[in-house]
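Spelled out, the chains give:
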Amino acid sequence: MRIYKVGGAVRDRLLGKPVTDIDWVVVGATTEEMLAKGFRPVGADFPVFLHPKSGEEYALARTERKSGRGYGGFTFHASPEVTLEEDLIRRDLTINAMAEDDQQNLTDPYHGQRDLEARLLRHVSPAFAEDPLRVLRVARFAARYAALGFTVAPETLELMRQLSESGELEALTPERSWKEISRALMEDQPQVFIEVLRACGALKVLMPEVDALFGVPQPPAHHPEIDTGAHILSVLQQAALHKQPLTVRWACLLHDLGKGLTPEEEWPRHIAHEFKGLKLIKAVNERFKAPRDCQELAMLVGEYHTHGHRALELKPSTLLELLQSFDVYRRPQRFEEFIAACEMDARGREGLEQRSYPQADYLRGAATAARSIAVQPLLEKGFKGPELGEAIKRERLKALKAYKEQV
Ligand code: ATP
Ligand code: MG
């Protein structure tokens, strides 16, 4: 039995990056031998085990063959005869298809090291096309390593284009797609993920609502970059620069979908795009079964981002409605995330990246004012049930009027 480090751990060590999780491949062993050594089997499909102590993943060397559509359509063959080279050739990218023994001797039959030096994301073999998830993985790695100068090799991009056109992307489960999308959005250059998906035609299949924003103009006075797609990319970049959480990044990606529905004769204005976009945001949310907090924030940011920008001009009653919609009394964190998304939207515009956003503190102050009203005196006055609710609202409105005058 011979054991090698593979995949990301080898790649990241050679890149001088910190290695977080280590994947291992085991050559020349049977399932029975692994179990006898105390490894715990995981997953019904693959011969993969967890180390009894470290908990790291050990996979028996295997070959794969495509036997149908989607990810389920694979047959695996694992046996002690499968060689390291045979295992490595089924992997996605050459830089992910290197192995290392305990002496740090490198096995690199597909020239991953050469591609690391050339900063190229290149597929290992034509079998790349057998799993459509690889389109998303490559786009994610492009986002992760963009700062190091990595690009997708032209022949790999071509394969990704063919895969996108073939209809195979539709066979991906929401869960597998979301895992890649969410990880990609959390990279330092999440906009590169969207750019690469767009370049190979996958964006049109996965998120046609986002794809449709490219080529749609906005008013130059507010949007010097003009193109709505370019705007979305900069908003994502700002969100990453400001280390925003996934909820905020997801909301940033989807906030302007309504602009893709504006009839051309109304360009570059987008009247009521906030409201019109909601059904599209809902559709994308549901397509990928995004987690509840991501779904919620995307819908709220979609509907109210313009309110955020106009915060200082809002009437106290409108401000109150905004705070009520967010339930800032019980969900203060969600309102903070809304403010963050608005700020990223304001900064994600050409030449305006460094602008100040006084709306943020103004909104925080408004939330504090509305939250600070005392309920006890109202109870003492005898208010109950719906009347108490109305009385609280009146007090909050008073507090917001006072707040607006004082600021
Ligand atoms: P990360 O740093 O994101 O964990 P990684 O390269 O280790 O990157 P994993 O998803 O942990 O990625 O997978 C480990 C290895 O398994 C990869 O490096 C690659 O060789 C292979 N691999 C994983 N998923 C696929 C896939 N869908 N198609 C082909 N090879 C894959
Ligand atoms: Mg890994």
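Check the entry above for the structure.
Model, not experiment: these values are computed from the prediction.

J.: Help me understand the sheet that holds strand β1 (residues 2-6), please; the structure alone is not making it clear to me.
T.: The strands making up a sheet associate through hydrogen bonds between their backbones, and the pairing can be parallel or antiparallel. Spatial strand order, β3-β4-β5-β2-β1-β8-β9: seven strands in an open sheet with mixed pairing. The two strands at the open ends of the sheet, each matched to only one other strand, are β3 (40-42) and β9 (106-107). In this structure, β1 lies alongside strand β8 (residues 99-100), joined through two bridges in antiparallel fashion. Residue pairing for β8: Val-6 is matched across the bridge by Ala-99.

J.: Whenever I open this one, the layout of surface pockets confuses me. Can you help?
T.: Which parts of space are left empty comes out when a probe the size of a water molecule is rolled across the atoms. In this model, the largest pocket occupies a volume close to 1300 Å³. Lining the largest pocket are 39 residues, with Asp-23, Glu-57, Arg-91, Arg-137 and Arg-183 sitting closest to its centre. Every element with two or more residues in the lining of the largest pocket is listed here: α1 (8-14), β2 (23-27), β5 (57-60), β6 (62-66), α5 (133-145) and α7 (174-185). Classifying every residue of the lining of the largest pocket by side-chain character gives 14 nonpolar, five polar and 20 charged. Counted as a void, the second largest pocket has a volume near 610 Å³. Along its surface, the second largest pocket is lined by 25 residues, and His-222, His-223, Thr-306, His-309 and Arg-349 are the ones closest to its centre. Looking at the lining of the second largest pocket, the elements that each hand over two or more residues are α13 (273-276), α15 (292-309) and α17 (332-347). The greatest single-element share of the lining of the second largest pocket, amounting to three residues, is contributed by α15. Looking at the lining of the second largest pocket, its residues break down into seven nonpolar, 10 polar and eight charged.

J.: Please explain the site of ligand 1 as it appears in this structure.
T.: Near ligand 1, the surroundings consist of 16 residues, among which Arg-11, Asn-96, Arg-134, Arg-144 and Arg-183 are the closest. A distance of 3.0 Å is found between an oxygen atom of ligand 1 and a side-chain nitrogen or oxygen belonging to Arg-137. A distance of 3.2 Å is found between an oxygen atom of ligand 1 and a side-chain nitrogen or oxygen belonging to Arg-140. Protein coverage of the free-state accessible area of ligand 1, which is 590 Å², stands at 83%. Among the cavities detected, the one that contains ligand 1 is the largest pocket. Contributions of two or more residues to the shell around ligand 1 are made by α1 and α5. Element by element, the count of residues in the shell around ligand 1 is highest for α5, at five residues.

J.: Sorry, what's going on with the packing of aromatic side chains here?
T.: The way to describe two aromatic rings as a pair is by their centre distance and the angle between their planes. Tallied over the entire structure, the rule returns 10 aromatic pairs. Look at Trp-24 and Tyr-58: their rings are 5.3 Å apart centre to centre, the planes differ by 5°, and that puts the pair in the stacked class. Residue Trp-24 is found in strand β2, and its partner Tyr-58 is found in strand β5; the two are separated by 34 residues along the sequence. With respect to class, Trp-24 is no different from Tyr-58; both count as buried. Relative to Phe-338, the ring of Phe-326 lies with its centre 4.4 Å away and its plane at 40°, an arrangement referred to as tilted.

Basis of the calculations
- Residues numbered from 1 in each chain as written.
- Chains lettered and ligands numbered in written order.
- Predicted model: local features only at pLDDT ≥ 70, side-chain atom pairs only at ≥ 80, totals over all residues.
- Heavy atoms only, no water.
- Pairing = 2+ DSSP bridges.
- Helix = DSSP H or I, 4+ residues; strand = E, 2+ residues; numbered from the N terminus.
- 1 Å grid on protein atoms, 1.4 Å probe; cavity = no way out; pocket = protein on both sides within 12 Å on 5 of 7 lines; lining within 4 Å.
- Points joined across faces, edges and corners; volume = space filled by probe spheres on them.
- Nonpolar A, V, L, I, M, F, W, Y, C, P; charged D, E, K, R; others polar.
- Near = heavy atom within 4 Å.
- Polar contact = N/O pair within 3.5 Å; in protein donor to acceptor, adjacent residues only side chain to side chain.
- Areas by Shrake-Rupley, 256 points an atom, 1.4 Å probe, with all protein chains shown as cover.
- Sits in = over half its atoms within 2 Å of the grid points.
- Phe/Tyr/Trp six-rings, centres within 6.5 Å; stacked < 30°, edge-to-face > 60°.
- Buried < 20%, exposed > 50% of the residue type's maximum accessible area, 1.4 Å probe, protein only.

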